[in-house]
Structures are given as structure tokens and as C-alpha cells.
Amino acid sequence: MATSFWHPQALMSQVQHEEIVIVRGEGSYLWTDDGTRLLDATAGLWYANIGHGDQRVADAVRAQMAELETFHSFGRFASKPNKDICDRIVSLAPLGPDAKVFLGSGGSDAIDSAAKLARRYFTATDRPQKRIIVSRENAYHGLHGFGTSLGWMEPNRIGYGDLDPAVLRASATDADDVEKVIMNAGPEFVAAFFAEPIIGAGGVIFPGEEYLHRVRDLCREHDILFVADEVICGFGRTGEWFASGKYNLDPDMITFAKGVTSGYLPLGGVIVAPKVTKPFWADGSQTWFKHGLTYSGHATCCAAAMANLDVIEQDGLVDRVATLEKPFAEAMQSLSDDPHVIDVRTPAGLLGAFQVETAEQGVKLEAEIMARGILCRKVGDGTSIAYSPPFIITEEEIDRMVDAAAKALKTL
Ligand code: PLP
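Every value quoted in this text rests on a predicted model; they were computed, and no experiment measured them.

What counts and what doesn't
Residues numbered from 1 in each chain as written. Predicted model: local features only at pLDDT ≥ 70, side-chain atom pairs only at ≥ 80, totals over all residues. Heavy atoms only, no water. Helix = DSSP H or I, 4+ residues; strand = E, 2+ residues; numbered from the N terminus. Rg over C-alpha atoms; globule rule 2.2 N^0.38 Å. Buried < 20%, exposed > 50% of the residue type's maximum accessible area, 1.4 Å probe, protein only. Contact = heavy atoms within 4.5 Å. Areas by Shrake-Rupley, 256 points an atom, 1.4 Å probe, with all protein chains shown as cover. Lys, Arg positive; Asp, Glu negative; His and termini not counted. Charge placed at Lys NZ, Arg CZ, Asp CG, Glu CD. Near = heavy atom within 4 Å. Polar contact = N/O pair within 3.5 Å; in protein donor to acceptor, adjacent residues only side chain to side chain. Nonpolar A, V, L, I, M, F, W, Y, C, P; charged D, E, K, R; others polar. Axes fitted to C-alpha atoms, helices over the stretch in contact; angles between N-to-C directions. Parallel < 35°, antiparallel > 145°, perpendicular 65-115°, else oblique. Left-handed = near helix turned anticlockwise from the far one by under 90°. Phe/Tyr/Trp six-rings, centres within 6.5 Å; stacked < 30°, edge-to-face > 60°. Lys NZ or Arg CZ within 6 Å of the ring centre and 35° of its normal. Expected span 1.5 Å × (residues − 1). Arc of directions from axis to C-beta. Pairing = 2+ DSSP bridges. Patch = residues over 30% accessible without salt bridge, like charges linked within 9 Å, V, L, I, M, F, W, Y side chains within 5 Å. Salt bridge = Lys/Arg side-chain N within 4 Å of Asp/Glu carboxyl O.

Visitor: Would you mind showing me how to read the overall build of the protein here?
Guide: Helix and strand counts for the protein stand at 14 helices and 15 strands. Relative to the 2.2 N^0.38 estimate, which gives 22 Å for 412 residues, the radius of gyration of the protein is 21 Å and therefore close to what a compact globule would have. Seen through its C-alpha atoms, the protein measures out along the principal axes to roughly 65 × 55 × 45 Å. Here the protein holds 412 residues, and 54% of them are scored as buried. Put simply, of all contacts in the protein between residues at least 6 apart along the chain, 70% involve residues at least 24 apart. Roughly 18,200 Å² of accessible area belongs to the protein as shown, and the carbon and sulfur atoms make up 52% of that amount. The positive charge centre, built from 38 side chains, and the negative charge centre, built from 56, are 4 Å apart in the protein.

Next up, the structure:
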């Protein structure tokens, strides 16, 4: 029967005839409806950090739903799980004990919240002319309104007419260019700089700490908010809880999603430093952040996040990522011996990619690797193949993942 499911990010004329239906997940493995077992070397879309089918999270979700599925949090209302998860996130994040957390339901709306909050902050502090947001080539910040404007993977921008005119693109790796873009625009008109500490979907690209520190200092100098988009990096992917802590970025906001629940339920949000919360939270302030979603802080999603963080802590999974960083990088780097491979990038933790010459080779490789029982993912312009396995992956499985890539490269 023809499918009625319109897949996101898919060429439906083709995909409707070649759906892959996943019916079960356990640990690092997935099963399709024809019984094929696949090693999920992508952790879904970089989210299944504790692996699939963990009953501890399922039990917590069931218990929360039976008690109170959710109640909205507009105005004075709160549920216990949304208070608990915000306290916990503040205790883990590198923004100090006075940071606050604004919850949503995923990464794209975290970006919308952060972009609106940046502009609202400058209106609240009598600098309404600060409106421009600078983001980076190859950036991916989700696909809501703001994310579509802030992202610079070209195919995601085409066909929608004018995007937000007050968004400017700067280099992802050259801090001089960022400075030029800010100075040309006039720093007094720039509200924020958005950056993934390690670009994910755009190709697994790390600009280096020097770039990040120089841009952060530039932002400080010109009173521009520095927003670290940690939707991928956050909650352990780099071997520390946050890349902002690992690289000492001291951002004004951190956006998060994915790893906060390992994908068991949708949740995301923004961790906001005291400088930005002040005009809204100070005693006597009459300034609202008039923004929010019906499911901001959905109680069952927050309970899933609490259980997920329990699993990460109890099983020592952030340390595990740090321990696996070296064997993962070494295994990935071995692919550089293949003549088709033009680059291998293993910036941190369990984040890596290797790059070939053409997008056609990328398509073939993805299929050949899958034929060997391993799920990988094409990223960037289609010439890079990313691996970002769950934190529970074993060294033996890392070797198998990379061996499948080596064998697939031989078919080119
Ligand atoms: N920001 C980054 C860095 C991402 O990688 C993503 C998704 O991959 C998003 C934002 C958007 O998140 P979501 O797909 O949950 O809306």
C-alpha cells in the first residue's frame, strides 16, 4: 500500500518507494520490519546517547504519565518535573548556579527562543537597534523560521522567498572574517553570534579553540551575545557535559535538545546566563519574555530527561565517551590510508566524519556501509560520512563500524 507518511527532509518521489521501517531498538542496535539488524552508528540524528530501549527511562515515563501526563507552564503554573530538570541542567551546565532554563520541545524551537530572547534582551536594555544575528557558513540550527535563516547549508534555504534580512553569514573557521562582518555591519547593530562549537550536520567541523575564544572576546568587546548551540554537543557527546565547559567558552546562552532525553521524548531549551536573565527576573521588572509553547516543559518529557540523566550518571557514560575518544579517533583516522579519502575529522568524543571527493561517492558509501549492517549518515555537502555512535558503543563495535567503511571504500 502507498504510504501516507510525508517524511521530513526527504525526496518523496523516491522515498515513498523505498521506506525503511524501524520496528525495534535495543542498546546500539535497531531492527527493520524485514528482520534486518543494524548497528546504529549515528545514534539516530545524534540523539540516542544512552542507546535504544532502556527500560529505566520507559518506566519513568510510564510512572509520570500515570501521575500527571503534563500541565502547561504559562504564567504561574509549573509541574515538578519541569522544575527538577531545570535545576539539574543548571547544576551540570557551565553558566553558574544563577543561570535559568527556558524549556521548549526540541532544538529548532530552542534556536527560535534564543534568537527572540537575544533581540528582546536588547530592547529591554534600551538598545533596540541591536537586531543583527551573525551565524556561520555550514551552520545548521534546525529548520524553524529562525533556524532556516541562521543555517547556511544552502539547500535548506532555497524556495522560501526572503528569509530574516537581519541575519549575516561569517566564516566558520576564520575569526578575522567574523570580525570583518561585525565591523562592516556596525557592532552597535549586532545582537548575537550563534555557533555550534563543533558543526554537526554541516560536516563535523571544529574551528579550533582559538577561533572560538577570539570570537567570544570580540562579542564581549562589542556587547554582542555569544550563543553556543549545543543541540549536538550537549550532555556528553564531546566527553564532557558541555562543549562550552570543555573549551571554556563562557557563552551567554546555550541551546540544547537531543541528548537531554537521548530522544526518548522531545525536549529542548535554552540555558541563559544571569546577564541576560536580569532585565526579566530582577525584582520590580515589568518586562516579559512573551514567548512560549503549549508543551514548554512537558512534564513527561522532563521526567524522561531526568531518567536519562540518571542513566548517564549511574553508568558513567560521559567518562566513557572521554575514554573512547582515542580509540574512536584512531580507528577513524585509519581510513585516511584509502586513496578516495581526502579528510578525516575526529574533533572530540564520539563525533567523527571522513570525506571523499564527490557527493556521488557519498551516496554509494552510505548504501554500501548499510549493506554491511551499519547505519551511518551523509553530512555537509554529501561528501562526508559521519559516525556518532551511542555512548554505550564498545571498542569492538567501533572497529566493525570503521571496517565496514573501509570495505565500502574499496567498492568505489
Ligand atoms: N541545532 C543543531 C546544532 C542541530 O544539530 C539541530 C538538529 O540536528 C538543531 C539545532 C535542530 O534540532 P531539532 O531537529 O530537534 O529541531
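Structure shown, so let's carry the discussion forward.
Visitor: Is there a simple way to think about the site of the ligand in this case?
Guide: Around the ligand sit Gly106, Gly107, Ser108, Tyr140, His141, Gly142, Glu196, Asp229, Val231, Ile232 and Lys258, and that is every residue in its neighbourhood. In the model, an oxygen atom of the ligand is placed 2.6 Å from a nitrogen or oxygen of the Ser108 side chain. Within the shell around the ligand, the residues separate by chemical class into 3 nonpolar, 5 polar and 3 charged.

Visitor: Just to check I follow, could you spell out the side chain of Asn82 for this structure?
Guide: Following the sequence through the fold, Asn82 ends up in helix H4 (residues 80–92). Reaching out from Asn82, the side chain makes a polar contact with the side chain of Ser79 at a distance of 3.0 Å. Every residue in contact with Asn82, bar those within four places of it in the chain, is listed here: Ser73, Leu103, Gly297 and Cys302.

Visitor: What am I meant to see in the packing of helix H3 (residues 55–67) against helix H11 (residues 299–314) here?
Guide: Two elements in contact, H3 and H11, have axes whose closest approach is 8 Å; the angle formed by their N-to-C orientations is 150°. Here H11 runs roughly antiparallel to H3, going by the angle between their axes. As for how H3 packs across H11, the hand of that crossing is right-handed. Contacts from Arg56, Val57, Ala60, Val61, Gln64 and Met65 in H3 reach Ala299, Thr300, Ala303, Ala304, Ala307, Asn308, Val311 and Gln314 in H11.

Visitor: I would appreciate a short explanation of the environment of Gly236 in the present structure.
Guide: Within the secondary structure layout, Gly236 lies in the loop between strand S8 (225–229) and helix H9 (243–246). C-alpha separation for the pair Gly236 and Leu317, spaced 81 residues apart in sequence, amounts to 7.6 Å. Other than its neighbours up to four places away in sequence, Gly236 contacts Trp241, Val318, Val321 and Phe391.

Visitor: Sorry, what's going on with the packing of aromatic side chains here?
Guide: The relative placement of two aromatic rings is captured by the distance of their centres and the angle of their planes. Under the counting rule described, the total for this entry stands at 9 aromatic pairs. Three or more aromatic residues link up through ring pairs in this structure, and these residues are Phe235, Trp241, Phe242 and Phe256. In this structure, Arg157 packs its charged tip against the face of Trp152, placed 3.6 Å from the ring centre.

Visitor: Would you explain H3 in this entry?
Guide: Along an α-helix, residues three or four positions apart point the same way, because every turn accommodates 3.6 residues. When the terminal C-alpha atoms of H3 are compared, their 18 Å separation across 13 residues agrees well with the 18 Å that a helix rising 1.5 Å per residue should span. Within the sequence span of H3, burial applies to Val57, Val61 and Gln64. Relative to the axis of H3, the buried residues are bounded by an arc of 70° and lie together on one face. Set apart from the buried face of H3 by more than 90 degrees, the exposed residues are Arg62, Ala66 and Glu67. Where H3 is buried, its residues meet H4 and H11.

Visitor: Mind showing me how you'd approach the sheet that holds strand S1 (residues 22–26) here?
Guide: Strand pairing in a sheet relies on backbone hydrogen bonds. The paired strands run either parallel or antiparallel. The strand order across the open sheet built from 4 strands is S1-S2-S3-S13, with neighbouring strands paired in mixed fashion. Strands at the two margins of the open sheet, each flanked by one partner only, are S1 and strand S13 (374–375). Bridge count for strand S3 (residues 37–40) against S13 is 2 bridges, and the pairing is parallel. Residue pairing in the sheet places Asp40 in a bridge with Leu375 of S13.

Visitor: Is there a simple way to think about a nonpolar patch on the surface in this case?
Guide: Side chains of Leu68, Phe71 and Phe77 sit close together on the surface and give an oily, nonpolar patch of about 270 Å² of accessible area. With respect to the helices and strands, the residue Phe71 is situated in the loop between H3 and H4. The class of Phe71 is partly exposed, set by a relative accessible area of 40%.

Visitor: What exactly am I supposed to notice about unusual backbone geometry here?
Guide: Negative phi values dominate among residues other than glycine, just as trans dominates among peptide bonds. One non-glycine residue, Asn248, adopts positive backbone phi at about 55°. The topology assignment puts Asn248 in the loop between H9 and strand S9 (253–256). Although it is not a glycine, Asp250 sits at a positive phi angle of roughly 50°. By the element assignment, Asp250 lies in the loop between H9 and S9.

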